[in-house]
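A structural walkthrough
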Amino acid sequence: YDTPFFIDVDGQGRIHVLDMRSQRVTRFDPIGKYEASFRAEKPALQIRLDALGRIFCGEISSGETQVSSEFKTIQQYSTIVRYDPDGRNPSRSGPYPSMKMMMKTMPGGGVLSTSSRDGSQICWGVSPDGKLWLGNNETYELGVFDPDGKPLFRFGRACKPVQKKALKEVAGENRKSSAAPEFFPAFATDFFFDEAGNAWLRMFRNDDKAEPYRYDVFSPQGIYLKQYVLPCRIYQVRNGKMIAVVETEEGFRALKCYQY
């Protein structure tokens, strides 16, 4: 591998690894034996699989790429590509405006670029039945599409933006070269689904360990169900358990399961 950024598991327990820089998707059986691989057509961020083993990748591209000695905003775009389980027959949805980057040329050559993980961007996920859920998290709204990209419905919820505490301490001149907005987006990019097909969206919070994590849960039809307020960040929900990553008293990270 070069940069094995993203991993997902299909309905048969097979492991898929996306190597971002080499644009390669590699599949292993449930015990880690190599099965097959293919190259994505363009650089991609994220990989998702549905119950049928179809592979979804988020291609990234840029609009205007001409930069100068002054910081300039460069718009990036995301295109969601669905491949057959063997990596063939790519089908595209997009491109959609996503993350913005600040870029400028350096006196000695080369380009300096900066972005913010907290900036608004395209967020997407694939439900167990193969539907694509997609939206720009600048606003609290998502669209749901069938596996062939046909729009099905849209839904959203009222949201009060969370202002960043740390940004208040940044001097005005330094803000000009920052890609970080004053407010957090409506929800985080890493939303996921439970076995019933409900979507779990993580709300942003300031970097305060005393502040809890909040997850809004929506039904497969986009109906708001409830909000969970939790002491730690969870990464998956399966069989009535929330799977979290916690830090032990010794400073190590460990997996922990909570019932709900």
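Attention in this report is confined to the structure presented alongside it. Here the structure is a predicted model, which is why all the values come from computation and not from measurement.

Moving on, we come to the overall build of the chain. Helix and strand content of the chain: one helix and 20 strands. Counting every position in the chain, which comprises 260 residues, the buried fraction comes to 39%. Long-range pairs, those at least 24 residues apart, make up 37% of the contacts in the chain between residues at least 6 apart in sequence. Here the chain displays about 14800 Å² of accessible surface, and carbon together with sulfur accounts for 50% of that area.

Another point: the sheet that holds strand 20 (residues 253–259). Strand pairing in a sheet takes place through backbone hydrogen bonds and is either antiparallel or parallel in direction. If you trace the three strands from one edge of the open sheet to the other, you get 18-19-20, paired in antiparallel fashion. Each edge of the open sheet is held by one strand with a lone partner, namely strand 18 (234–238) and strand 20. When strand polarity is set aside, the average angle formed by the axes of neighbouring strands in this sheet is 30°. In this structure, strand 19 (residues 241–247) lies alongside strand 20, joined through seven bridges in antiparallel fashion. Residue Val 245 lies in a different strand from strand 20, and its bridge partner there is Leu 255.

We now examine the packing of aromatic side chains. Under the defined criterion, the tally for this structure stands at 14 aromatic pairs. Centroid distance Trp 133 to Phe 193: 5.2 Å. Interplanar angle 75°. Geometry classified as edge-to-face. Of this pair, Trp 133 sits in strand 11 (residues 132–136) while Phe 193 is found in strand 14 (residues 192–193), placing the two residues 60 residues apart along the sequence. Take Trp 133 and Phe 193: they sit in the same class, and that class is buried. Aromatic ring contacts, followed pair by pair, group Trp 133, Tyr 140, Phe 153, Phe 155, Phe 187, Phe 191, Phe 193, Phe 218 and Tyr 224 into a single cluster. The aromatic ring of Tyr 224 is capped on one face by Arg 157, whose charged end is 3.8 Å from the ring centroid.

Moving on, we come to the pairing of strand 19. Only one face of strand 19 is covered, namely the face carrying Met 242, Ala 244 and Val 246; the face carrying Lys 241, Ile 243, Val 245 and Glu 247 is uncovered. Pairing of strand 18 with strand 19, which is carried by four bridges, proceeds in the antiparallel orientation. Its bridge partner being in strand 19, Arg 238 is matched across the sheet by Lys 241. Taking the residues between adjacent antiparallel strands as the criterion, strand 18 and strand 19 are bridged by two residues, where Asn 239 takes a positive phi near 50°. Between the antiparallel neighbours strand 19 and strand 20 lie five residues, among them Gly 251 with a positive phi of about 95°.

For Gly 119, the position within the fold is in the loop between strand 9 (111–115) and strand 10 (122–126). Using a relative accessible area of 8% as the deciding quantity, one classes Gly 119 as buried. Along the backbone, Gly 119 and Pro 185 are 66 residues apart, and their C-alpha atoms lie at a distance of 6.7 Å.

The next point concerns unusual backbone geometry. The residue after Gly 94, namely Pro 95, is reached through a cis peptide bond having omega 5°. If you trace the backbone, Pro 95 turns up in strand 8 (residues 91–105). For Gln 23, which is not a glycine, the phi torsion comes out positive at approximately 60°. In this fold, Gln 23 is placed in the loop between strand 2 (15–19) and strand 3 (24–28). Although it is not a glycine, Gln 46 sits at a positive phi angle of roughly 80°.

Definitions and limits used
- Residues numbered from 1 in each chain as written.
- Predicted model: local features only at pLDDT ≥ 70, side-chain atom pairs only at ≥ 80, totals over all residues.
- Heavy atoms only, no water.
- Helix = DSSP H or I, 4+ residues; strand = E, 2+ residues; numbered from the N terminus.
- Buried < 20%, exposed > 50% of the residue type's maximum accessible area, 1.4 Å probe, protein only.
- Contact = heavy atoms within 4.5 Å.
- Areas by Shrake-Rupley, 256 points an atom, 1.4 Å probe, with all protein chains shown as cover.
- Pairing = 2+ DSSP bridges.
- Axes fitted to C-alpha atoms, helices over the stretch in contact; angles between N-to-C directions.
- Phe/Tyr/Trp six-rings, centres within 6.5 Å; stacked < 30°, edge-to-face > 60°.
- Lys NZ or Arg CZ within 6 Å of the ring centre and 35° of its normal.

None of the figures reported here should be taken as evidence of function without further support.
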